[in-house]
Structures are given as structure tokens and as C-alpha cells.
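# Secondary and tertiary structure notes
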Amino acid sequence: SQTIHQWPATLVQPVGSPLSLECTVEGTSNPNLYWYRQAAGRGLQLLFYSVGIGQISSEVPQNLSASRPQDRQFILSSKKLLLSDSGFYLCAWSPGGMAGELFFGEGSRLTVL
Amino acid sequence: QKEVEQDPGPLSVPEGAIVSLNCTYSNSAFQYFMWYRQYSRKGPELLMYTYSSGNKEDGRFTAQVDKSSKYISLFIRDSQPSDSATYLCAMSVNTNAGKSTFGDGTTLTVKP
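Please read all numbers here as calculations on a predicted model, not as lab measurements.

## Remarks on the pairing of strand S5 (residues 44-52) of chain A
In the case of a regular strand, side chains alternate between the two sheet surfaces. Residues and elements named next belong to chain A. Buried residues dominate S5, accounting for seven of its nine residues. Relative to S5, strand S4 (residues 32-38) runs antiparallel, the two sharing six bridges. If you follow Tyr34 over to S5, its bridge partner there is Tyr49. Between S4 and S5, which follow one another and run antiparallel, lie five residues, and Gly41 among them has a positive phi close to 70°. Across three bridges, the pairing between S5 and strand S6 (residues 55-58) is antiparallel. Residue pairing for S6: Phe48 is matched across the bridge by Ser58. The turn joining S5 and S6, which pair antiparallel and follow one another in sequence, is formed by two residues; a positive phi near 75° is taken by Gly54.

## Some details on the pattern of salt bridges
Residue and element names in this part refer to chain B. Enumeration according to the criterion identifies eight salt bridges over all chains in this entry. With its nearest N and O atoms 2.3 Å apart, the salt bridge here joins Lys2 to Asp104. Here Asp104 lies in the loop between strand S10 (101-102) and strand S11 (106-111) and Lys2 lies in the segment before strand S1 (4-6), a separation of 102 residues in the sequence. Judged by relative accessible area, which is 36%, Lys2 ranks as partly exposed.

## A short note on the side chain of Ser108 of chain A
Residues and elements named next belong to chain A. Considering the arrangement of structural elements, one finds Ser108 in strand S11 (residues 108-112). Classification of Ser108 as buried rests on a relative accessible area of 0%. A polar atom in the side chain of Ser108 sits 3.2 Å from the side chain of Gln6. The contact partners of Ser108, leaving out residues within four places of it in the chain, are Gln6, Trp7, Pro8, Ala9, Leu21, Gly87, Phe88 and Tyr89.

## Considerations on the state of the cysteines
Residues and elements named next belong to chain B. Counted according to the given criterion, the structure contains two disulfides over all chains. The disulfide partner of Cys23 is Cys89, and the gap between their sulfur atoms is 2.0 Å. The S-S bond linking Cys23 to Cys89 shows a torsion near -100°; that makes this disulfide left-handed. Of this pair, Cys23 sits in strand S3 (residues 19-25) while Cys89 is found in strand S9 (residues 85-92), placing the two residues 66 residues apart along the sequence. Each member of the pair Cys23 and Cys89 is classed as buried.

## Observations regarding the sheet that holds strand S7 (residues 65-70) of chain A
Residues and elements named next belong to chain A. Reading across the sheet, the four strands line up as S1-S3-S8-S7 and stay open at both edges, with antiparallel pairing between neighbours. In the strand order of this sheet, the two ends are held by strand S1 (3-7) and S7, each with one partner. Averaged over all neighbouring strand pairs, the angle between strand axes comes to 20°, with direction disregarded. Sheet analysis places S7 next to strand S8 (residues 73-78), joined by four bridges and oriented antiparallel. For Gln70, the partnering residue across the bridge sits in S8 and is Gln73.

## Thoughts on the packing of aromatic side chains
Overall, the coordinates contain 13 aromatic pairs over all chains when judged by the stated rule. Between the aromatic rings of Tyr34 of chain A and Tyr36 of chain A, the centroid separation amounts to 6.3 Å while the plane-to-plane angle is 35°, which identifies the pairing as tilted. Note on Tyr34 of chain A: relative accessible area 1%, which makes it buried. By relative accessible area, which is 0% here, Tyr36 of chain A ends up buried. Residues Tyr25 of chain B and Phe30 of chain B carry aromatic rings whose centres are separated by 5.8 Å and whose planes lie at 65° to one another, so their mutual orientation is edge-to-face. Judged by relative accessible area, Tyr25 of chain B falls into the buried class, the value being 6%. Relative accessible area serves as the criterion here: at 2%, Phe30 of chain B is assigned to the buried category.

The rules behind the values
- Residues numbered from 1 in each chain as written.
- Chains lettered and ligands numbered in written order.
- Predicted model: local features only at pLDDT ≥ 70, side-chain atom pairs only at ≥ 80, totals over all residues.
- Heavy atoms only, no water.
- Buried < 20%, exposed > 50% of the residue type's maximum accessible area, 1.4 Å probe, protein only.
- Helix = DSSP H or I, 4+ residues; strand = E, 2+ residues; numbered from the N terminus.
- Pairing = 2+ DSSP bridges.
- Salt bridge = Lys/Arg side-chain N within 4 Å of Asp/Glu carboxyl O.
- Polar contact = N/O pair within 3.5 Å; in protein donor to acceptor, adjacent residues only side chain to side chain.
- Contact = heavy atoms within 4.5 Å.
- Disulfide = S-S within 2.5 Å.
- Axes fitted to C-alpha atoms, helices over the stretch in contact; angles between N-to-C directions.
- Phe/Tyr/Trp six-rings, centres within 6.5 Å; stacked < 30°, edge-to-face > 60°.

Right, dumping it as C-alpha cells:
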């Protein structure tokens, strides 16, 4: 069966520090991968998605970047965090191609102080 | 105006009650409709996935889509305390679920 792992689960970072969130998927190949941000009491905002290694599409101009160095690995990064980057970040995957189901990781809660 | 509107609640019901959760939308191109359940501090999990108008039932859950009214619903029968969570509706134009537009979620509490 397929599983998705996301880490770290929680982190507190000072303004201006770098960020790296990592996500890996097991049990499938060539998945579509996504990074979302969820503000408190709000829906999900798509940040980045990837249909293959090295292929990244950005949905929202911002202080963040994403990379996909391996087929089942997706990384969310920032060189300098802003206060507004605080939130709940979710990695998700769907089967490659045009497939309807979306599977989420457990999330990473980021607090920027 | 948001493309997808969802009453944030909170909604509190006694155990055993029938729960109705709803979303309205403005984009008539939406064809695929999803409901996700999200427990506190966890990632969402897909509950129901439907295409176009009609009803779909899965155990105690029924998803209903009325495209003419741009209105979708999720009904939970015989609600249980374990149903206490935030419910997110989501919609997409095509089967690329990752490009879905999400509602803000309705928080439900089922009291024993």
C-alpha cells in the first residue's frame, strides 16, 4: 500500500532563518506531488505541484520554493522566513496522470517568530 | 467573492443525529466534487468523491451534488463522537485533484 511521510511535524523558526520541509511517498511510482498551506480555520492553498523529477509549477508567488530531486521526494524550502510564512504545511500526492484522488501527509506546523 | 463558500460553523450535535454539511460554488465548470475529513492537527483524508450531479452513498455518509443550484451536501447518519472533525469540500474542473478549489471547512462536534 502507498504511504506518505512528511517531516518535521512541528518547528519554530526565527524570522530570516532558512526552511526545509521534506515529503516522501512509498509504494507508488511517478506520483503527482503537491505542497499546500492551510491557515488557521481556512481551506487549503496550493503552493506548488510537480508531475515529475525536476518539474515544479508554482501557484502563488512567494518567499518559498520547491524541488523534486527524486521521483518520490518533494522538498519545500525558503532562504529567509517571514512572519507570514507561519502556517500548517501539507504535502499530498495523487496517482500520475489525470487521477482524482488526493492523499495527504500528516502536516508540518511552522511557527515563525 | 470566493469560488467555494462553506459555512465554518462550528456545528455541535448530539450523538445519533443526522448532520448536513453544505457548500455552494460559483464556477459552473466544476465537474468533480470531494469531501475531506480533517482531524485536529492532522492531514485531510478523502471521504467521498463524486462526478457531476447525483447522490453517492458510503456507509453512514451520503454525498449529494446539485449542479443546477451549484450546491453540494454531505449527510452523516447516526453521527458518532469519532465524526468530530473539520469537513472540507473541494471541487475541480477535471480529474487533477491537486488543482481542486477547497472550502474553508466546517468544524463538527458530536457530543456523546
